[in-house]
Amino acid sequence: MKHNFLFPLISLVFATSAFAVTPATFEKVGDGAESEQEFFPGTHRARPVLGAYTNDTHMGLFSGGQDIGSGKDNFTPTDSRWGDQGDGTFANPLIAADYSDPDVIRVGDKYYLICSEFHYMGIPVLVSDDMVNWTLLTQVYTSLEGYDNVNRYGDGSWAPALRYHNGRFYIYFCTPNDGLFMTSAADPAGPWDPIHQVKAVGGWEDPCPIWDEEGNAWLGRSQLGGGPIIIHRMSADGKTLLDNGVEVYNGPTAEGTKLFLKDGYFYLSIPEGGVSTGWQLVGRAKSIYGPYETRRVLEQGTTRVNGPHQGALVDTPDGQWWFYHFQSNGALGRVTHLQPVTWIDGFPFIGEDYDGNGVGEPMKIVTKPDVKKSVAPHTIATSDNFDNGLGNHWQFNHNPDMSRISDKDGKLTICPAKASQMRNAPNMLVQKLMGYTGEITVKVDASNLAQNSYAGLVALGNKTFGICIRNVYGSKIIATETNGTHKVVAGASDVAWLRLTYDAHTSTIQPWYSSNGVDFKKTSETIEIGDGDWKGVHVGIYTYTKDEPTESNVAVFDDFIYTTDHISHQ
């Protein structure tokens with residue numbers, strides 16, 4: 001396998017609230033007591049399993065979520081606060097962006113977070129001093145073998161695990177078609193070792209390693225489609241599986257395996273029930289092979305937070321415990337929440353039990369963890385003026401061709417590659433939609449943009465939408481493109497400012513354009529867009545040509561300004 005590891009992209013060449021709402025996420029079947037099988041009668045699968053796990057269009061039944069139900073959150077709270085509130089509390093979601101399948105660990109007094117990125121190149125590594133405010137350190141990789149073409153949407157890194165052992169950080173992940181991979185590093189900021197393929201296999205997902213107190217290494221994982229949970233023995237260096245594995249648990253869409261040790265028990269923490277409709281289950285056993293005593297520890301209950309699960313149990317140096325999880329939330333994708341944890345009879349109790357059934361439910365406003373550190377509210381980087389190269393918060397939806405990208409004098413220049421439409425345009429640079437509302441603006445210089453070429457802003461989700469400058473027989477125009485269909489908006493000069501504003505509550509994006517960067521006009525169309533290919537909407541810049549590319553055909557981007565509704569942007 002070839003890999004291009006992250007050299008910092010900067011240096012490239014160039015008070016709790018409950019909602020009295022009855023959820024309608026799924027319908028109870030039968031008259032018996034509440035149980036998993038009543039919600040999923042006759043099957044342990046909450047989603048279809050296709051012969052081909054992914055494809056290059058819109059993922060068919062998979063589009064918008066991993067389960068049969070909609071990936072759109074129909075219960076979005078009217079309270080749009082999120083993140084650090086600057087008053088000693090934070091509002092969930094903690095990160096209103098698609099940091100899906102989050103895994104978090106503590107090393108010393110710092111916390112580290114990674115997430116799944118699927119077809120987007122790189123697993124991000126974030127760091128926090130207070131568990132609430134996060135900063136992006138690096139991307140673990142910038143390319144993967146077999147991803148040169150833009151035709152593997154929905155593939156790539158699924159639900160990774162992050163662990164620390166003997167002075168090194170370890171990351172494990174599966175791709176649905178290629179197998180099990182791992183890498184390690186002494187410093188979470190990198191460099192990370194070359195990606196190592198532990199096993200070439202299709203249909204595995206959600207791995208997690210653990211080293212026990214005797215030094216034995218193990219790996220837990222699930223099977224594509226949601227279970228069962230399998231435990232393998234591993235070599236001490238974590239690079240080789242030593243057996244074919246033993247099934248230790250099966251349940252309705254049991255996946256997202258996380259393993260840890262506490263008080264002489266092996267703990268198995270897994271999400272069940274599907275992305276939009278599930279809950280969190282925790283099991284414990286004296287042997288890693290079980291049998292596991294299990295308990296449901298978090299569910300939607302009477303809240304508006306659908307599918308609260310799949311994340312990480314983390315402690316503080318003073319012995320507090322917290323749980324990170326996601327929520328499937330429409331255009332934003334799977335957003336990150338943080339809940340307080342108390343331990344009762346050897347099991348975590350997460351959040352607040354609003355309906356009194358003994359199972360925790362997600363909280364909206366929470367007092368920040370007491371970590372004895374004062375951190376100013378901030379959010380993960382979004383804007384980029386390109387003065388210091390390309391920020392490491394940018395990602396590509398395939399292996400990039402960096403020979404066609406350069407930076408000079410604080411501007412980013414891209415030489416368009418050939419593509420039939422925007423969705424499969426090479427060198428598209430994107431980042432996550434963040435916050436419930438926001439505004440994205442970029443200056444585009446199309447002075448040297450050739451005939452039949454396009455350069456502008458993109459929104460990539462279950463639709464592919466862009467607003468751009470286009471060269472038509474030597475004349476520049478403002479145009480839009482939606483799933484390959486073009487529409488002329490207005491005439492243009494060589495330079496234009498393009499803008500997207502969005503409202504994640506309504507899953508809509510409004511495009512704008514300006515000839516001077518001050519006076520903006522909105523186009524006549526408002527685009528409804530949602531999550532697609534198992535990721536939330538991503539926004540960024542693109543350029544491509546329908547003719548043969550030439551070195552003289554270039555688009556120049558400057559001052560990518562991206563503001564959100566986070567308190568630090570107000």
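For clarity, every value in this text was computed on a predicted model and none was experimentally measured.

Peer 1: What is the right way to look at the sheet that holds strand S20 (residues 293-298) in this model?
Peer 2: Note on sheets: strands pair through backbone hydrogen bonds, and any given pair is parallel or antiparallel. Taken together, four strands build an open sheet; the order of strands is S17-S18-S19-S20 and the sheet is antiparallel. Looking at which strands have only one partner, the edges of the open sheet turn out to be strand S17 (258-262) and S20. Across the sheet, the mean angle from the axis of one strand to that of its neighbour is 25°, orientation sign disregarded. For strand S19 (residues 279-285) and S20, the ladder comprises five bridges, and the chain directions are antiparallel. Across the sheet, the residue bridging to valine 282 is arginine 295, located in S20.

Peer 1: Help me understand the packing of aromatic side chains, please; the structure alone is not making it clear to me.
Peer 2: Aromatic rings considered in pairs are described by the distance between their centres and by the relative angle of their planes. Across all of its chains, the model carries 22 aromatic pairs by this definition. Look at tyrosine 454 and tyrosine 544: their rings are 4.7 Å apart centre to centre, the planes differ by 15°, and that puts the pair in the stacked class. Residue tyrosine 454 is located in strand S32 (residues 453-460), and its partner tyrosine 544 is located in strand S40 (residues 538-545); the two are separated by 90 residues in the primary sequence. Judged on exposure class, the residue tyrosine 454 and its partner tyrosine 544 are both buried. Here the aromatic cluster, defined as three or more aromatic residues joined through ring pairs, consists of Phe260, Tyr265, Tyr267, Trp321 and Trp343. Seen from the ring of tyrosine 147, arginine 152 lies directly overhead, with NZ or CZ sitting 4.1 Å from the centre. The lysine or arginine in question, arginine 284, covers the ring of tyrosine 265, its NZ or CZ lying 4.1 Å from the ring centre.

Peer 1: Help me out: how do you make sense of the sheet that holds strand S24 (residues 347-350) in this one?
Peer 2: Taken together, the four strands give an open sheet; going across it, the order is S21-S22-S23-S24, and neighbouring strands pair in antiparallel fashion. The open sheet has two edge strands, strand S21 (309-315) and S24, and neither has a second partner. Taken over all neighbouring pairs, the strand axes of this sheet differ in orientation by 35° on average, direction set aside. As defined by bridge partners, strand S23 (residues 334-344) adjoins S24 across four bridges and the pair is classed as antiparallel.

Peer 1: I keep staring at the layout of surface pockets and nothing clicks. Help me out?
Peer 2: Vacant regions in the atomic arrangement are exposed by a probe of water-molecule size rolled over the atoms. Looking at the largest pocket, its volume works out to about 540 Å³. Per-class residue counts for the lining of the largest pocket are 14 nonpolar, three polar and five charged.

Peer 1: For this particular structure, what's the right way to read the pattern of salt bridges?
Peer 2: Close approach of charged atoms allows side chains of opposite charge to pair. Applying the stated criterion across every chain, the model contains 24 salt bridges. Residues lysine 373 and aspartate 129 are paired through a salt bridge, measuring 3.6 Å at the closest nitrogen-oxygen approach. Of the two residues, lysine 373 sits in the loop between strand S25 (365-367) and strand S26 (395-396) while aspartate 129 sits in the loop between strand S6 (124-128) and strand S7 (135-139), which places them 244 residues apart along the sequence. Classification of lysine 373 by relative accessible area gives partly exposed; the value is 35%. With a closest N to O distance of 3.1 Å, lysine 372 and aspartate 318 form a salt bridge. Of the two residues, lysine 372 sits in the loop between S25 and S26 while aspartate 318 sits in the loop between S21 and strand S22 (321-328), which places them 54 residues apart along the sequence. What makes lysine 372 exposed here is its relative accessible area of 59%. Given the relative accessible area of 54%, aspartate 318 is considered exposed. A network of salt bridges, in which partner residues are shared, links Asp98, Glu117, Lys432 and Lys535.

The rules behind each value
- Residues numbered from 1 in each chain as written.
- Predicted model: local features only at pLDDT ≥ 70, side-chain atom pairs only at ≥ 80, totals over all residues.
- Heavy atoms only, no water.
- Pairing = 2+ DSSP bridges.
- Helix = DSSP H or I, 4+ residues; strand = E, 2+ residues; numbered from the N terminus.
- Axes fitted to C-alpha atoms, helices over the stretch in contact; angles between N-to-C directions.
- Phe/Tyr/Trp six-rings, centres within 6.5 Å; stacked < 30°, edge-to-face > 60°.
- Buried < 20%, exposed > 50% of the residue type's maximum accessible area, 1.4 Å probe, protein only.
- Lys NZ or Arg CZ within 6 Å of the ring centre and 35° of its normal.
- 1 Å grid on protein atoms, 1.4 Å probe; cavity = no way out; pocket = protein on both sides within 12 Å on 5 of 7 lines; lining within 4 Å.
- Points joined across faces, edges and corners; volume = space filled by probe spheres on them.
- Nonpolar A, V, L, I, M, F, W, Y, C, P; charged D, E, K, R; others polar.
- Salt bridge = Lys/Arg side-chain N within 4 Å of Asp/Glu carboxyl O.

Function cannot be read off these values alone, since they describe shape.
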